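What follows is the residue order along each chain.
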Amino acid sequence: MAVAQLRFGPVALLVVLSALAVTPLYKYNYPVAGAIEPAAKQISTAPQCSGSQKLAVFEDGDCSPKPITVPVTASSSTNPPPRPLYVVAPTRPGNYPIFLFAHGTFISNNLYSGLLSHISSHGYIVVAPQLFDSILSLPCELEEIEYLEQVTNWMPSATALPSHLPPGVLPDFDKLAVGGHSRGGKSAFALALGLCARPLKLTISAVVGVDPVAGVSKNSRTDPEILTYEPESLNLSVPVTVIGSGLGNQSEVIDLPACAPNWVNHAEFYSECMAPKTHLVADDYGHMDVVDDVSWFERDFKGMFDFALTKLMCKGASGLFSSREKMRKGVGGIVVAFLDAYLGGGNDDYLAILECPLEVDSPVRLTVGYVLEKGTAAAGDI
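Residues numbered from 1 in each chain as written. Predicted model: local features only at pLDDT ≥ 70, side-chain atom pairs only at ≥ 80, totals over all residues. Heavy atoms only, no water.

S.K.: Go over the overall build of the protein chain with me, naming the residues and quoting the values.
M.R.: Check the secondary structure of the protein chain and you find 8 helices and 11 strands. Across the 382 residues in the protein chain, those meeting the buried criterion constitute 55%. Counting every atom, the protein chain has about 15500 Å² of accessible surface; 54% of that belongs to carbon and sulfur. (Helix = DSSP H or I, 4+ residues; strand = E, 2+ residues; numbered from the N terminus. Buried < 20%, exposed > 50% of the residue type's maximum accessible area, 1.4 Å probe, protein only. Areas by Shrake-Rupley, 256 points an atom, 1.4 Å probe, with all protein chains shown as cover.)

Below is the structure:
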């Protein structure tokens, strides 16, 4: 009986909360226009598939990442951020690119600790703002985009992000990528499109969508409605990778939509992006398989809520008690390879993943499509 209450109590609550979360609170017609210069960097291809290839991006890196919680409270020596932050930074001294990451609906920023730690271990400073205060006060997505803009404009000050990093670790503000999961993925796209109240102080160099979602259906999307249903209509002017889940468009709970429904999921985002763009789908995994593993016997309400949200609401590959590590490593490796290719770390691993998805030693089975230059598509385009 106790197990039954644990399994279905949070689900009943989530049904109500999910209905509230996906209902647009108000309408506002933003222009969809590119706002980022300069033009995207191009990478050249040289297909060389020769048997199984073990890629370093799918293994832990050597930068010894450290998680750092940055509250909004002020101190005598620091400039507090506009939103609480979960930062993961290398501890090895050096200059590192920045990856700004937006969490999904009702998912706390630190529930991505495994994924973000993997990315950071390869030489990236990951900044993940907490965009809601409690599960009973979810902001509309327009507010979340404003929060992302505020955090982006806060970071460059010497008393802001640099003051919270390990000794000798410096952020390279000329190399900023933005990304997010689920609704946060769409928010990252909106930020890159310039759909915020104030201009950004930093230039966005790349965009990552981890199973991005724009609403519950084509006719029920959250504002701002950035999808136009016209191919190559999102003028981001920077490289984009869209990572999708093969099971995300399948419903897990009766009478509730899938967590990443058709027409508002990764496939549509990829279709509407301009080159250079890539599309990698983890065929056997679901929408929530990128987050941390949450124990089923959590005793507090937050723990039970996280378990129900991440294990019961969305179709996934893992059972109630199994690990999601393979999906975290797979997605983390793809993000690292993409960022390395376009932020200066080298593109060999990324090209290997794109051109030889069946030969690389990926933790997850991938279906891949890409357009690296305008007007040219790979044979595996999906």
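There is more to say after this.
S.K.: Just give me the short version of the nonpolar core, but keep the residues and values in it.
M.R.: F99, L116 and L339 are the most contacted members of the largest nonpolar core, which totals 63 residues. Among the elements that line this core, the one with the most residues is helix α7 (residues 325-343), at 11 residues. The contact partners of F99, leaving out residues within four places of it in the chain, are I119, I125, V126, V127, A177, V178, G179, V208, V335 and L339. Counting 52 residues, the second largest nonpolar core, distinct from the first, contains V70, F173, A190 and V264. (Core = buried A, V, L, I, M, F, W, Y, C linked by side-chain atoms within 4.5 Å. Contact = heavy atoms within 4.5 Å.)

S.K.: A description of the sheet that holds strand β6 (residues 204-210) should follow, citing residues and the corresponding values.
M.R.: As a general point, the strands of a sheet are linked pairwise by backbone hydrogen bonds and lie either parallel or antiparallel. In spatial order, the strands read β1-β2-β4-β3-β5-β6-β9-β10-β11; together these 9 strands make up an open sheet with mixed pairing. With partners counted over all chains shown, the strands left at the sheet margins are β1 (66-70) and β11 (366-371), one partner each. Strand-to-strand, the axes of this sheet are offset by a mean angle of 20°, without reference to chain direction. With 4 bridges joining them, strand β2 (residues 85-89) and strand β4 (residues 125-129) adopt antiparallel strand pairing. Along β4, the bridge assignment pairs V87 with V127. Sheet strands in contact with helix α4 (residues 183-192) are β3 (94-102), β5 (169-181), β6 and β9 (240-245), and its direction is about 125° off that of β5. (Pairing = 2+ DSSP bridges. Axes fitted to C-alpha atoms, helices over the stretch in contact; angles between N-to-C directions.)

S.K.: Any chance you could break down the pattern of salt bridges for me, citing the residues and the numbers?
M.R.: Summed over all chains, the structure comprises 14 salt bridges. The shortest N-O distance in the salt bridge between R183 and E144 comes to 3.0 Å. Within this pair, whereas R183 is found in helix α4, its partner E144 is found in helix α3 (residues 141-154), the two being separated by 39 residues in sequence. Residue E144 is classed as buried on the basis of its relative accessible area, which comes to 2%. Counted as one network, the salt bridges with shared partners bring together K54, E59 and D361. (Salt bridge = Lys/Arg side-chain N within 4 Å of Asp/Glu carboxyl O.)

S.K.: Could you give me a rundown of the packing of α7 against helix α8 (residues 348-355), with the residues and numbers involved?
M.R.: A pair of packed helices can be characterised by two numbers: the angle between their axes and the separation between those axes. Where α7 meets α8, the closest approach of the two axes is 7 Å, and the angle between their N-to-C directions is 125°. Considering the angle they form, α7 stands oblique to α8. Considering the relative orientation of α7 and α8, their crossing is left-handed. Listed contacts from α8 to I334, A337, F338, A341 and Y342 of α7 are D349, Y350 and I353. Its residues assigned to classes, the contact of α7 with α8 comprises 7 nonpolar, no polar and 1 charged. (Parallel < 35°, antiparallel > 145°, perpendicular 65-115°, else oblique. Left-handed = near helix turned anticlockwise from the far one by under 90°. Nonpolar A, V, L, I, M, F, W, Y, C, P; charged D, E, K, R; others polar.)

S.K.: Hey, could you go over the confidence of the model for the protein chain for me, with residue numbers and the actual values?
M.R.: Within the protein chain, residue pLDDT values average 84, and 81% of them lie at 70 or more. Within the model, the stretch residues 1-42 combines pLDDT values under 50 with 81 contacts to residues more than four positions away or in other chains. Below a pLDDT of 50 lies the segment residues 375-382, which in the model reaches 17 contacts outside its immediate sequence neighbourhood of four places, other chains included. (pLDDT = per-residue confidence, 0-100.)

S.K.: Which residues make up the packing of aromatic side chains, and what are the values?
M.R.: The description of an aromatic ring pair uses the distance of the two centres, along with the angle that the planes make with each other. Within the structure shown, the criterion is met by 7 aromatic pairs. Where F101 meets Y112, the ring centres are 5.0 Å apart and the plane angle is 65°; that geometry is what we call edge-to-face. Highlighted residues: F101 in strand β3 and Y112 in the loop between β3 and α2 (113-120), separated in sequence by 11 residues. Grouping residues by exposure puts F101 and Y112 together as buried. An aromatic cluster is present here, built from F99, F101 and Y112 joined pairwise through their rings. Lying over the aromatic face of Y229, K218 brings its terminal NZ or CZ to 4.6 Å of the ring centre. (Phe/Tyr/Trp six-rings, centres within 6.5 Å; stacked < 30°, edge-to-face > 60°. Lys NZ or Arg CZ within 6 Å of the ring centre and 35° of its normal.)

S.K.: So, the pairing of β4: which residues are in play, and what are the values?
M.R.: Of all 5 residues that make up β4, 5 are buried, and the element is covered over most of its length. Residues I125, V127 and P129 line one face of β4 and the alternating positions V126 and A128 line the opposite face, and both faces are buried. Sheet analysis places β3 next to β4, joined by 3 bridges and oriented parallel. Across the sheet, residue L100 finds its bridge partner in β4, namely V127. In this fold, the crossover linking β3 to β4 by way of α2 has right-handed handedness. (Right-handed = clockwise from strand over helix to strand, strands pointing away.)

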